[in-house]
Every structure is written in structure tokens, then in C-alpha cells.
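# A look at the structure
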Amino acid sequence: MIKIYNTLNQKKEDFKPTFPDRVSMYVCGPTTYDYFHVGNGRAFLFFDVVRRFFQYAGYKVLYVQNITDIDDKIIRKANAEKVQIAEITKKYIKAFKEDIKALGIKNATYFPKATEYVGKMIEFIKSLEDNGYAYHSEGDVFFSVEQIHDYGTLSRKKLDDLVAGARVAENTAKKAAADFVLWKKAKQGEPAWDSPWGKGRPGWHTECVVMANYLLSKENKKSDSATKVFDIHAGGVDLVFPHHENEIAQAKAGYNSHLANYWMHNGFINIEGEKMSKSLDNFLTIRNILKEYDPEAIRYFYLSKHYRSPIDFNEQIIKESTTAVNKLTRPLKDYLQKEKQLPVRAKIDPQVKKDFDTAMKDDFNTAKALAVLFELAKEINISPQPVDDKVATLYKLGSVLGFFSNVDQKESQEDNGETTQQLINLLIEYRNKFKREKNYVYADMIREDLANLGFILKDTKDGTVVEKT
RNA sequence: GGCGACAUCGCCAAGUGGUAAGGCAAGGGUCUGCAAAAUCCUCAUUCCCCGGUUCGAAUCCGGGUGUCGCCUCCA
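A few points on the structure. Remember, predicted model here, so these are calculated numbers, not experimental data.

## Things to note about the overall build of chain A
Looking only at helices and strands, one finds 15 helices and 15 strands in chain A. Classification of the 469 residues of chain A by burial places 49% in the buried group. Sequence separation of 24 or more characterises 74% of the internal contacts of chain A that already satisfy a separation of 6 or more. Summed over all atoms, the accessible surface of chain A reaches about 23,600 Å², with 49% contributed by carbon and sulfur. For chain A, the centre of its 70 positive side-chain charges and the centre of its 66 negative side-chain charges are spaced 2 Å apart.

Below, the structure is given as C-alpha cells:
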């Protein structure tokens, strides 16, 4: 039984999907006004690992990740650059997809864009208004939080405290401080859609509710089943309040559903001990980090700590992660070097699988799961042979965590091309001849020149091997 | 002010009642012409402090100290 920490009840619960063989997940995606940063990356990557684990555990997974392509920040950026917002969003949606791919994150089943659902959002907001959950004021439409008697369950907030502690600037159009905007009146020069309340655009909290509901009913038709809730709704902790709280309020009002049965939230990432923020100018984008570090090192960094804990990102830790992940990959590369292909038909070691599964089933304890893999790697190193089963197990379980995407049959030597490989072998032969003659000047010259071309020669007990950088 | 989280080796980090996983770094070997890489071995009688419960506590309870997050757009 998989256990998941559910923010809704603040405890670990047994995971029971609505349908026995399927899991539906909705993960909050990017607002496309910039390259996404390490913090976003953690959420995107971690929940992808959750999805992979479900698939490995035998579930069919519906994975939805929204793309917010209309929003204040996007408008601001478009104005600053004097371009259409579509130009901004198009650019960063493309970048988003490139970057998740580079990180080894699989595509979602659906990537709904907010702008494609404005009509449905208007219908939804209208229905909220008709049923007394929302009110219209000077072109804006607000959700009346008081109408939801248990508002604040997710974030453990009491309405009274919210109002009392409100640091928000007084908005005179609102009836109550905690009310939130469903529809924003358009200002001069802003992109706008026609609506019953005049020109404007939807508020941020509405898109997920409407898109989740629509895509779920679409899936229901496909599979001839019916449910109003996703199994899992996920995102960063900062989304708990107000974003997810407000989504739940709307879903309760509009669909009589709490949107998802399990709410999962990942912890924050700090940079060198400080919160990432524009003012500190310490926003690190994944795109920039990838210029310098291996994507699997970043993956290791994310997965080396439990997802709900905060992590500190710094140069030292990412370098250590590079070494660590290399240690995990080494046995596979060595095996490939000798056998040319991974033992795909070998058996999975049942005890190791059990340990790995136990760790992952306990609220996705990836740090512990990694420890299981390290121990396995050591066993492979110590074992005189044969190690086929252990190598196959390492590969299989590591892949569940998203590792080893570059380690497969194609990665072995012949990938260089037959002729290239023959030429390199020839040079190795010459170098060995020079070595035997103790002509180290020439021997080292060959090694250095090949290294400059990206082929690292390593003298091992079994002879000289080549590795591409 | 309200709500919440966390404190385990030099660093990162598992462990929620049964006697301290794992990674990095470090030290010592192996291999090598030298490198590089790799690999093996060693590395916390102790878990922020003080009390308590218990046969038994890093784990539970009370108090203290410290760090951090949310309450505002934010993964």
C-alpha cells in the first residue's frame, strides 16, 4: 500500500485511487513569462517521479499539467518588451518543453493552456454568480469566501485570522478581505475577452478548477466511468494558500467536489541559504544550470532529500551530486563496456526491489530509495560475477527515479560509428606500443589529443577503454 | 500578531519506541610509466539543551534554545 502525506488532513494516508488500476494527477505548471527556475524544477521533476512510480507499480496514469499563459506578470513583461503577450508565451512555452525534456521529465498527458479555456471559465464564473457564490463589482467578479463554511481547511486558516492579519492593500471593490478575484476588468491596452461583466480576463485561481473538471469529464467519457475528483493535486507549498485553498472553494461551490482526494506539496529551494527572490537577484533558471551541470546531477540533488523538506542549492552540493550520480551509473557503464548491452532479460533481485518499493511507498522516500541503489551498486562492484540480475535491477529501479536515460545499449562504444571506433582503436594500439617502448612523450600526446576530441582513455586492469565526454 | 516546519558525523541526508542507512569530503590500501578514472577498507557508544514516561527514546510527553517557511504574486 502506497502512503501519501495529504496536506488536506496533515497526515500520511493509505493511497486509494478512485479506480483500482488508474491514477489521475493534476500538477500545477508554469506561468510562461520567463525560463523556469530550480524551484519550479523540483516540483516538475519530483511529481514526474511520482508518476513514474505509479506506472512502475502497474497503474495507468492520467497526468495533467496546466500552462498559465495569461497573467499579470506576462502582461508586464510584454509591455516592457513592447511585444504581444502571445510572443512572450510562445517563446517560454517552447522553452519550458525544452527544459523539462533536458531534465528528463516526461510530457504530461495534457498540457492545457489557460487562454484556450476562457469561454469555459466564463461559464463557470457565471454559474457561481447565479448561485450566489460570486458577486460583480465595477467590472470585477469576486468569489465570496463566506459562502464556503469550511473555507481554510487545506491551509489551516480561520477566516477571522485572515481578515485580522490581512496585509493586503484594502480593495474597496471587495466585500470581504479574503474574497478573491474570479474575473479581472481589463485595463487600457491589456488583452481582454468579452464577458457578461464587460471586457476582462480570468483570475488565476479559476483556470485549474475549470480545466481539471473539463479534462476529467473527457477522460470519463473515454473510459466509460465517472468521477468528479482527481486522485492527486500537486504543487509547491506556497500554493497551499491562497491558490489551492481557493481552488477547493470554487470546486465546492461550482461542482460540489473538493477537486482532489490527495493534496501533495513539495518544499522550497533556497539558494545559498536564502530564499530565491527577484530582489536578491538569486533566481537560478534550470536553463542556466544545465549549461554547467549534468541533468542527472540536478535530478540527484532533488531526490537526495525528502520532497517535503526545504533544500539548499549551492555549487558545492551540485558538484557532490555529480560525483554521487556518477558512482551510481558506473557499474552500468562498466557492464556495457564489457557486454555491449544491458542484461534486459535478467531477473530483478526480489529483495532489492522490495527494499526500494518499501522506501518509495512510504510517501515517496526517494532519499532512502537512493541508498538502496547505492548499496546495490556496491554489491555489483564487490561481486566476482555473475552480476546480470543485479545490473538489471539497478537499471530498472534507477529508471523509475528517472536516472540512466543516457545509459542504454546505444551508449556503448559502437555508437561512435564503426570507422571512428576503428580509428580510435588504432590509436590506442599505437599508444600501447609507445608505452611498451617507454616512449611516454608520444603516448601522452595521443592521450591528450584524443581527450581534446572528447575521447577519454582510461588504463584499466582489462586494458585501455574509451569514454566519451 | 496568527499558523506551521525543522534541529542526526566536517558537509548533505534516511531513520517516528528495540539499540544510528546512504552520499560527499577525509585517511589508508589496490591499480598505473605518470595521469585520470575506478575500486576496497576505515570513519557518530551517539542524535540542539534540560526534565519526564518506559525494561528500552534520535524517535513519545513537558519546558527551553536556535533556524526557517506561510499568512501578499510565487514551485
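Still more ground to cover, so stick around.
## Comments concerning the packing of helix H10 (residues 315-339) against helix H12 (residues 366-382)
Put simply, H10 and H12 touch, their axes get as near as 9 Å, and they point 45 degrees apart. The orientation of H10 with respect to H12, classified from their angle, is oblique. The crossing of H10 and H12 is left-handed. Listed contacts from H12 to Ala324, Lys327, Leu328 and Pro331 of H10 are Leu370, Leu373, Phe374, Ala377, Ile380 and Asn381. Taken together, the residues of the contact of H10 with H12 break down into 8 nonpolar, 1 polar and 1 charged.

## A few points about the side chain of glutamine 250
Structurally, the position occupied by glutamine 250 is in helix H7 (residues 240-255). Ignoring anything within four residues of it in the chain, the contact list for glutamine 250 reads Phe124, Leu128, Phe143, Phe180, Leu182, His205, Thr206, Val209 and Tyr255.

## Topic: the pairing of strand E15 (residues 463-468)
With 6 bridges joining them, strand E14 (residues 455-460) and E15 adopt antiparallel strand pairing. The residue of E15 that forms the bridge with phenylalanine 455 is lysine 468. The antiparallel pairing of E14 with E15 creates a hairpin that spans 2 residues between the two strands.

## Topic: the sheet that holds strand E10 (residues 260-266)
The strand order across the open sheet formed by 4 strands is E4-E3-E9-E10, and the pairing between neighbours is parallel. The open sheet has two free edges, formed respectively by strand E4 (60-65) and E10, since each of these has just one partner strand. Pairs of neighbouring strands in the sheet enclose a mean axial angle of 20 degrees, with direction left out of account. Along the sheet, helix H1 (residues 38-56) makes contact with strand E3 (22-27), E4, strand E9 (230-236) and E10, crossing E4 at roughly 165 degrees. Here helix H6 (residues 204-223) sits on the sheet and contacts E3, E4 and E9; the angle it forms with E3, its principal contact strand, is near 160 degrees.

## A look at the pattern of salt bridges
Using the criterion set out here, one finds 29 salt bridges in the structure. Between glutamate 379 and lysine 390 there is a salt bridge whose closest N-O contact spans 3.0 Å. Separated by 11 residues along the polypeptide, glutamate 379 in helix H12 and lysine 390 in helix H13 (residues 388-400) bring together distant segments of the chain. Among the charged side chains, a network of salt bridges with common partners joins Asp72, Lys184, Glu190 and Arg201.

## Looking at the side chain of aspartate 71
Note on placement: aspartate 71 falls in the loop between E4 and helix H2 (72-81). In terms of polar contacts, aspartate 71 uses its side chain to reach the backbone amide nitrogen of lysine 73, at 2.6 Å. Excluding residues that lie within four positions of it along the chain, aspartate 71 makes contacts with Thr31 and Arg201.

## Description of the environment of arginine 287
Within the secondary structure layout, arginine 287 lies in helix H8 (residues 286-292). Taking relative accessible area as the criterion, arginine 287 reaches 23% and is therefore assigned partly exposed. Expressed as a C-alpha distance, the spacing of arginine 287 and lysine 396, which sit 109 residues apart in the sequence, is 28 Å. In contact with arginine 287, other than residues within four places in its own chain, are Tyr35, Ala95, Glu98 and Asp99.

## Points about helix H15 (residues 440-452)
For H15, built from 13 residues, the straight-helix expectation of 18 Å at 1.5 Å per residue is met to within 8% by its first-to-last C-alpha distance of 18 Å. Inspection of H15 places Ala443, Ile446 and Leu450 among the buried residues, and these make up the whole buried set. Along H15, the residues classed as buried sweep out an arc of 60 degrees about the axis, all on the same side. Summarising the geometry of H15, the exposed residues directed more than 90 degrees from the buried face are Val441, Glu448 and Asn452.

## Topic: the nonpolar core
Core analysis: the biggest nonpolar cluster contains 75 residues, and Phe54, Phe356 and Phe364 have the highest contact counts within it. A total of 11 residues in this core trace back to one element, the largest contributor, which is H1. Both of domain 1 (3-275) and domain 2 (293-411) provide at least three residues apiece to this core. Not counting residues up to four positions away in its chain, the partners in contact with phenylalanine 364 are Ile2, Ile4, Phe46, Val50, Phe53, Phe54, Met264, His306, Tyr307 and Ala359. Ala95, Ala134, Val240 and Ala253 belong to the second largest nonpolar core, which has 52 residues in total.

What counts and what doesn't
Residues numbered from 1 in each chain as written. Chains lettered and ligands numbered in written order. Predicted model: local features only at pLDDT ≥ 70, side-chain atom pairs only at ≥ 80, totals over all residues. Heavy atoms only, no water. Helix = DSSP H or I, 4+ residues; strand = E, 2+ residues; numbered from the N terminus. Buried < 20%, exposed > 50% of the residue type's maximum accessible area, 1.4 Å probe, protein only. Contact = heavy atoms within 4.5 Å. Areas by Shrake-Rupley, 256 points an atom, 1.4 Å probe, with all protein chains shown as cover. Lys, Arg positive; Asp, Glu negative; His and termini not counted. Charge placed at Lys NZ, Arg CZ, Asp CG, Glu CD. Axes fitted to C-alpha atoms, helices over the stretch in contact; angles between N-to-C directions. Parallel < 35°, antiparallel > 145°, perpendicular 65-115°, else oblique. Left-handed = near helix turned anticlockwise from the far one by under 90°. Nonpolar A, V, L, I, M, F, W, Y, C, P; charged D, E, K, R; others polar. Pairing = 2+ DSSP bridges. Salt bridge = Lys/Arg side-chain N within 4 Å of Asp/Glu carboxyl O. Polar contact = N/O pair within 3.5 Å; in protein donor to acceptor, adjacent residues only side chain to side chain. Expected span 1.5 Å × (residues − 1). Arc of directions from axis to C-beta. Core = buried A, V, L, I, M, F, W, Y, C linked by side-chain atoms within 4.5 Å. Domains from an automatic or database assignment.

By themselves, these observations are geometric and do not establish any function.
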